[in-house]
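# Analysis of the macromolecular model
For reference, the chains in residue letters:
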Amino acid sequence: MKSMYFLGFFVLGTIAATAAGCGGDDEGGGGGGEGGAGSTTTSSATTGAVAGSTSTGSGEVDDGNDSVDEAEPIEPGANGIEGTLEPPDIDADYYSFTGTKGQAVYIQTDAKPSDDETDPTYPDTVITLLDAEGNQIAQNDDPSPGFSNDSELVTVLPADGEYFIAVQECNALFPGGCADPADIVSFDYSLWLLPLDPAKSETDSLIGDTEPNDDSEQAVQLQYELNNDESGYFTTFAFGNFASATDVDVYSFTPPETPAVDNAILAQLSVGMPTGIEGNGSTVDVSEIAVFASTDLTNAYAKVNPSKGGDIALPVEAGQEYFVFVKRPAGEVGKNDFYVLMHNRTSSDPLEAEEETNGVVETPEAGLVSFPNGGGGVSYAIEGRIADGDTADVDIYAVPLDDVEAGWTFSVICEAQRNGSGVRELSAEVLNGDGTPIDAATYSAKETEAKDLSIDRVAIPEGSADNRLLVKVSAGTPAADVTSRGYNCLFAYLPPETN
């Protein structure tokens, strides 16, 4: 699945590389040790969702920064600070720094080992950013797309003054919704605070919103910075701000031809984290991202509403210039109406190859390439297209059962409109290997603007014909103002879930 929410194509690129160079290790941070196992504490609430701790007896870990009043200063841009969260379901560590209005910052923690970023024996950190009065203004538990429990936060400060960072274990904030704290055997973490200044950046992966940039002639160019092994590009971060209720910001990008990709070149555009005090701290959502080819500024190639969870992820042409229009919803300008637009050039999933013949169950498209999935099973992915024509296009794929064991289930996740495509009402139905229906109520689903198409863990019929399942993909009437017709589907066989 190409979406950042499923395969994690978006990474923090140069930002993360910089933070990783500051210190930290594969074993989850600093050297606080495992002491204090017999400690007891009681919790006391502070402003927002942050929990504090106070001493009630001997043997507990008192690291001297358990409240805003005891906050330990952290120098922006300096080497990481090491801390300990013990006991993890109560302790909170506070840090303070001075910031300026409009300053972009990146806050990162590292507690999990690099070979297993969700290891439950290490802390699942949560970062909370507080203003000078202790009011929560931003928070992150797990970064998108959720392949790590090491929290990280990219935000823009709303005012000059003092700020506080609270670091806690997930159980201290969301008891019952996290891994069992009794399983944690290492309580250490590292914390970095990195100031970001796109205007002075020496890299091409940090871009500033330079006003005026309200039309294609004023577009700010999104650059590409090769990653360390030059196999692809770091994600570009464009820091924008809506100066008025009607402000529109315009960017441009031209995908390079190299390095070569396995399939089609894929352009991804997203605003990443949710907004508000439980997100990146922005006081406004982005209501639309629209992409136009420079050859046609009348009809959008792709369009999506990020406030409903959408992000652009569609094939593009190398060397073709595209313009990106970023819009805000109607309403008054808030205290901190910023956004962070992330862009990357990567490779699509394998392309639909048998458009002329895969419209009927007698000749489904076969030969899909398998790969292991994180659930311990096997997956297949396809980048398809619903072609325009007098007859509604239908694509049927054969998904082999060769590597599937007894008791496994089958799942389908597809996106079109939510990736910016003009396809509407994308539908998928799982059929028996000979094309006969199984149970349409259970084995089919449809995409909406606010929800992915998802068929979740349905049973595999015994004795499936031809040792396969078929997936029939179709759609409704396409959008008249969006020209792309692409979609992406992931087919996954999964072993039984374990407790």
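It should be emphasised that the depicted structure is a prediction, and the values quoted were computed from it without experimental measurement.

## Regarding the sheet that holds strand S19 (residues 312-315)
With mixed pairing, the five strands of this open sheet are ordered in space as S12-S14-S21-S16-S19. One side of each edge strand has no neighbouring strand; the edge strands of this open sheet are strand S12 (206-208) and S19. With direction set aside, neighbouring strand axes in the sheet form an average angle of 20 degrees. In the sheet, strand S16 (residues 265-270) pairs with strand S21 (residues 338-347) via six bridges, with the strands oriented antiparallel. Its bridge partner lying in S21, leucine 266 is registered against threonine 346.

## Remarks on the state of the cysteines
With the rule as written, the count across this model stands at two disulfides. Here cysteine 170 connects covalently by a disulfide to cysteine 178, the sulfurs 1.9 Å from one another. In this structure, the disulfide formed by cysteine 170 and cysteine 178 twists by about -70 degrees around the S-S bond and is classed as left-handed. An identical accessibility class is assigned to cysteine 170 and cysteine 178; each is buried.

## As for the confidence of the model for the protein chain
Do not read the predicted coordinates in detail wherever pLDDT is low. Taken residue by residue, the protein chain gives an average pLDDT of 88. The fraction at 70 or more is 87%. pLDDT under 50 marks residues 1-48. Its contacts with residues more than four places away, or in other chains, come to 159 contacts. Every residue in residues 52-59 is under pLDDT 50, and counting partners more than four places away or in other chains gives 23 contacts.

## Regarding the sheet that holds strand S30 (residues 486-494)
Across a sheet, paired strands are connected by hydrogen bonds in the backbone, their directions being either parallel or antiparallel. One open sheet accounts for five strands, arranged S22-S23-S30-S25-S28; its pairing is antiparallel. Looking along the sheet, the strands with just one partner apiece sit at the ends: strand S22 (370-372) and strand S28 (453-459). Strand-to-strand twist of the sheet, defined as the mean angle between neighbouring strand axes without regard to direction, takes the value 20 degrees. Sheet topology note: the strand S25 (residues 409-415)/S30 ladder contains seven bridges and is antiparallel. By the bridge assignment for S30, threonine 409 is matched with leucine 494.

Definitions and limits used
Residues numbered from 1 in each chain as written. Predicted model: local features only at pLDDT ≥ 70, side-chain atom pairs only at ≥ 80, totals over all residues. Heavy atoms only, no water. Pairing = 2+ DSSP bridges. Helix = DSSP H or I, 4+ residues; strand = E, 2+ residues; numbered from the N terminus. Axes fitted to C-alpha atoms, helices over the stretch in contact; angles between N-to-C directions. Disulfide = S-S within 2.5 Å. Buried < 20%, exposed > 50% of the residue type's maximum accessible area, 1.4 Å probe, protein only. pLDDT = per-residue confidence, 0-100. Contact = heavy atoms within 4.5 Å.

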